[in-house]
Amino acid sequence: MMNLSCDVLVAGGGVAGIASAVSAARKGAHTVLVEKNCFPGGTAVNCMHRYICGLYSSCPALPCGTLNGGIADEICEEIVKLAPGTKPVRMGKVHLFPFVTGDFTNVLRALCEKQEGLEFFYETRIDSVKSERGNIRRAFAKGPNGELQISPRAVIDCSGDGAIIRMSGASYYLSPPEERQLAGFCFKIEGIKDPGDMAPVSVPYYISQAAIEKKIPCYLKYTKFYHGNTEGEGYCLMSLLPGENTEKTDEARKNAVKIHDILKRTISSFRNSEISGMSSVIAERDGLRMKGEYTLTEEDVLSGRKFHDGVIKSAWPVELWDIKKGPIYRYLEPGTCYEIPLRCLKSNSIRNLYCAGRCISASRRALGSTRVMGTCISTGEQAGLAAVKELRVP
Ligand SMILES: Cc1cc2nc3c(=O)[nH]c(=O)nc-3n(C[C@H](O)[C@H](O)[C@H](O)COP(=O)(O)OP(=O)(O)OC[C@H]3O[C@@H](n4cnc5c(N)ncnc54)[C@H](O)[C@@H]3O)c2cc1C
């Protein structure tokens, strides 16, 4: 077994984890980042996202800067270097920053590799932690080179599903499956011929018809379609029931093939198309959230509330993918934004535990706004800074 001591241990190398680890290491903390996949980016990469949401204010005009700057800005600047001309696009009432998965992964990988003081362990999963007198003292992980025992001074849970929060015995929130948001599974299609602007409307229409006719499960009716960046490329984002989904990836793959067959039969431009990629796992929109020193509410979000310890700004709507009604959006007043207090990133029960990204201390409905990538990057950055700052307090 390999033994390792560090100042800050970051669990999970999704967007929040990368930002946490980089910001902690930049402040001089010896930082260890452990990621169970062989790539960085987590859900955003696995689910083939194409836009970073949550970066901008809710003004209708084209944004001239992001709300939080910092690492989120650096990531966007690096994406522009790889894909010159990339700029925010408006979709409905919001602005998004587009990217392609390959570039995004390269940017995240490079950000970590060039960061002094940061050790990254891929394909390594934290399986348990040992807490003593209200602090996490050790984490036990397994990777390609065997077992790893890490003794951290502070831990940031960026696992998306609150793995460390649960293992450490920290208090948390977990909504019952029927109240949780629809999960997602994405597949990529190539060889679509002249799909036209209406494909994002016609694809969901034919899929929902098939669901009504019971040819596919009912929950698939909220499946969406997005055009890709190159000719003939498109992405179907299937909506699935939330919950114990680790065993259901094969079923999702089979449903992806069924959906594609329906599209080939019903829409002429899809006739000769093929599936060229699929998510490796089903992605949950929400799950376990830490109980922090403060819990952000939907009212805080929609009223644009500010806090004395507000460290992150966001104007993303409360976007809830309801099991029965599909996506529902509740917007902030144009031009306003709310703040996330630092207390949402600090456990109320384990002293050296912080969290960032999808498992911050927020109500189920507030998480509908905070869970998007732009906000996750900024919560990650702030959790990294806070963890290091508090290590220095005697
Ligand atoms: C279907 C769907 C569509 C979405 N679309 C968009 C979109 O278009 N734009 C947008 O901005 N947001 C979108 N989101 C939201 C966004 O993808 C996520 O909320 C965000 O990426 C979460 O980032 P994270 O770093 O908190 O968690 P994750 O990306 O989930 O990363 C967590 C990481 O931790 C690792 N991990 C977990 N447990 C362990 C462990 N025990 N040991 C080691 N590693 C571990 C995982 O492998 C993973 O890499 C979408 C979400 C879903 C589900």
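Reading the values: the criteria
- Residues numbered from 1 in each chain as written.
- Predicted model: local features only at pLDDT ≥ 70, side-chain atom pairs only at ≥ 80, totals over all residues.
- Heavy atoms only, no water.
- Near = heavy atom within 4 Å.
- Polar contact = N/O pair within 3.5 Å; in protein donor to acceptor, adjacent residues only side chain to side chain.
- Areas by Shrake-Rupley, 256 points an atom, 1.4 Å probe, with all protein chains shown as cover.
- Nonpolar A, V, L, I, M, F, W, Y, C, P; charged D, E, K, R; others polar.
- Domains from an automatic or database assignment.
- Contact = heavy atoms within 4.5 Å.
- Buried area = accessible area lost by both parts, 1.4 Å probe.
- Axes fitted to C-alpha atoms, helices over the stretch in contact; angles between N-to-C directions.
- Helix = DSSP H or I, 4+ residues; strand = E, 2+ residues; numbered from the N terminus.
- Parallel < 35°, antiparallel > 145°, perpendicular 65-115°, else oblique.
- Left-handed = near helix turned anticlockwise from the far one by under 90°.

## Description of the site of the ligand
Piece 1. Taken together, 34 residues sit near the ligand, with E35, T43, H49, Y51 and R371 positioned nearest.
Piece 2. In this structure, V15 approaches the ligand through a main-chain N or O atom, which is 3.2 Å from an oxygen atom.
Piece 3. Here A16 contributes a backbone N or O atom positioned 3.0 Å from an oxygen atom of the ligand.
Piece 4. Burial of the ligand by the protein chains amounts to 93% of its free accessible area of 1,000 Å².
Piece 5. A per-class count over the shell around the ligand returns 14 nonpolar, 13 polar and 7 charged.

## Here's the deal with the domain arrangement of the protein
Piece 1. The domain boundaries assigned to the protein delineate domain 1 (2-176 + 286-320 + 328-391) and domain 2 (182-278).
Piece 2. The interface of domain 1 with domain 2 comprises 4 residues on the first partner and 13 residues on the second.
Piece 3. Across the domain 1 to domain 2 interface the summed buried area is about 660 Å²; carbon plus sulfur atoms make up 65%.
Piece 4. Its largest share of buried area at the contact with domain 2, domain 1 owes to C47, M48 and R50, together 76% of the area lost on that side.
Piece 5. The interface formed by domain 1 and domain 2 includes 2 residue pairs in polar contact (both at pLDDT 80 or more).

## Details of the packing of helix α6 (residues 199-212) against helix α7 (residues 249-266)
Piece 1. Here α6 crosses α7 at 115°, and the two axes come no closer than 10 Å. Between α6 and α7, the angle is such that the two are roughly perpendicular. Note that α6 runs across α7; the crossing there is right-handed. Between α6 and α7, the residues in contact are V203, Y206, I207 and A210 and I259, I262, L263 and T266, respectively.
Piece 2. Tallied by class, residues from the contact of α6 with α7 come to 7 nonpolar, 1 polar and no charged.

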